[in-house]
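Tertiary structure, described
Below are the chains, spelled out letter by letter.
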Amino acid sequence: MPRNPRNQIFPANEDLPGARGGGPLVRLWRARAELLMAATLTLVTLTLLDATREGRWVPFLLLTSAISAPAATRTGRNWIAAHFWCVFSRHRLQRVCLETTMHTRAGRIPLVLWITPTRTGEKALILTRAGISAEEFEAYSEEIAAACWARSVNVYRHRTRAQLLIVEVVRRDDAPGAASPGLDRLYGRRAWVSLRPELEEPPDLRTPVRLAQVG
């Protein structure tokens, strides 16, 4: 399989095997959200069928209310939409790695360890494989943005652990005063370095900002 000539990291005349999907454990990890959702829906369906078969309507009403209540509120709909985009972006990130040079000679792609919604889109924590670096993700930022149907993509590398990086998918403007809908604060900011010199490094979200008093 010939490599993409842009951002080439292997010899242009070298044909390499195509990327593969990984082992069983890796496949289960990648499909964890879908498997958990399928298991939850199966459990809820079996519980409802058992309750209606025995004529017990209270569990039926409680379960249907718990399921329909999030969809009936703006907060619930926003939560569902935000996590849908997280699952979507995770799959698209993996697809970009498969379609570009962001996989090893053995066909292994980086691992998306965690992805969470933010005020502007999503943020993914990625563990790279040997032979892949954060700079390569930055080189393919336009491909990642296009694959994720996003406005742009920012890449941050860990200060002391180069195998860890953050891919920030930007879909919309940051609303002033809006709280992060996910676990964005757990990442912190001081441990990450932007690969674009023109971007100012944001403050650490875990540390309150103290303003100097004037006068």
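Here the structure is a predicted model, which is why all the values come from computation and not from measurement.

**Observations concerning the sheet that holds strand E5 (residues 192–194)**
- Ordered in space as E1-E2-E4-E3-E5, the five strands form an open sheet in which the pairing is antiparallel. Here the strands that pair on one side only, and so sit at the sheet edges, are strand E1 (111–117) and E5. Averaged over all neighbouring strand pairs, the angle between strand axes comes to 25 degrees, with direction disregarded.
- As paired elements, E1 and strand E2 (residues 121–127) share six bridges and run antiparallel to each other. By the bridge assignment, Thr 116 is partnered in E2 with Lys 123.
- Of the strands in this sheet, E1, E2 and strand E4 (164–170) are in contact with helix H4 (residues 74–99), which crosses E1 at around 155 degrees.

**Details of the packing of aromatic side chains**
- Tallied over the entire structure, the rule returns five aromatic pairs.
- Measuring from centroid to centroid gives 5.3 Å for Trp 85 and Phe 88, while their planes differ by 90 degrees, and the two rings are edge-to-face. With Trp 85 and Phe 88 both in helix H4 and three residues apart, this pair spans about one turn of that helix.
- By relative accessible area, which is 25% here, Trp 85 ends up partly exposed.

**A closer look at the environment of Leu 127**
- Mapped onto the elements of the fold, Leu 127 is located in strand E2.
- Classification of Leu 127 as partly exposed rests on a relative accessible area of 27%.
- In this structure, the C-alpha to C-alpha distance between Leu 127 and Pro 110, residues 17 residues apart in sequence, is 5.7 Å.
- Apart from residues no more than four positions distant in its own chain, Leu 127 is found in contact with Pro 110, Leu 111, Leu 113, Gln 163 and Leu 164.

**Some points on a nonpolar patch on the surface**
- Taken together, the side chains of Trp 114, Leu 183 and Leu 186 define a hydrophobic patch exposed on the protein surface, amounting to about 320 Å² of accessible area.
- What makes Leu 186 exposed here is its relative accessible area of 62%.

**A few points about the confidence of the model for the protein chain**
- Per-residue confidence for the protein chain gives a mean pLDDT of 76; residues scoring 70 or more make up 66%.
- Mean pLDDT values for the elements of the protein chain range from 67 in helix H1 (residues 24–30) up to 94 in E4.
- This stretch, residues 1–5, has a pLDDT under 50; its non-local contacts, to residues over four places away or in other chains, come to 18 contacts.

**Observations concerning the nonpolar core**
- Grouped together as the largest cluster of nonpolar side chains are 25 residues, with contacts concentrated most on Leu 93, Met 102, Ile 126, Phe 137, Ile 144, Leu 165 and Val 167.
- Those elements that place two or more of their residues in this core are H4, E1, E2, helix H5 (134–139), helix H6 (141–147), strand E3 (152–158) and E4.
- The element contributing the most residues to this core is H4, with five residues.
- Counting six residues, the second largest nonpolar core, distinct from the first, contains Leu 125, Tyr 156, Tyr 187 and Trp 192.

**Structural notes on the side chain of His 158**
- Residue position: His 158 is located in strand E3.
- Among the polar contacts made by the side chain of His 158, one reaches the main-chain amide nitrogen of Thr 160 at a distance of 3.2 Å.
- Separated by 3.1 Å, the side chain of His 158 and the backbone nitrogen of Arg 161 make a polar contact.
- When near neighbours in sequence (up to four residues on either side) are disregarded, His 158 contacts Leu 164, Ala 191 and Trp 192.

How each quantity is defined
- Residues numbered from 1 in each chain as written.
- Predicted model: local features only at pLDDT ≥ 70, side-chain atom pairs only at ≥ 80, totals over all residues.
- Heavy atoms only, no water.
- Pairing = 2+ DSSP bridges.
- Helix = DSSP H or I, 4+ residues; strand = E, 2+ residues; numbered from the N terminus.
- Axes fitted to C-alpha atoms, helices over the stretch in contact; angles between N-to-C directions.
- Contact = heavy atoms within 4.5 Å.
- Phe/Tyr/Trp six-rings, centres within 6.5 Å; stacked < 30°, edge-to-face > 60°.
- Buried < 20%, exposed > 50% of the residue type's maximum accessible area, 1.4 Å probe, protein only.
- Patch = residues over 30% accessible without salt bridge, like charges linked within 9 Å, V, L, I, M, F, W, Y side chains within 5 Å.
- Areas by Shrake-Rupley, 256 points an atom, 1.4 Å probe, with all protein chains shown as cover.
- Salt bridge = Lys/Arg side-chain N within 4 Å of Asp/Glu carboxyl O.
- pLDDT = per-residue confidence, 0-100.
- Core = buried A, V, L, I, M, F, W, Y, C linked by side-chain atoms within 4.5 Å.
- Polar contact = N/O pair within 3.5 Å; in protein donor to acceptor, adjacent residues only side chain to side chain.

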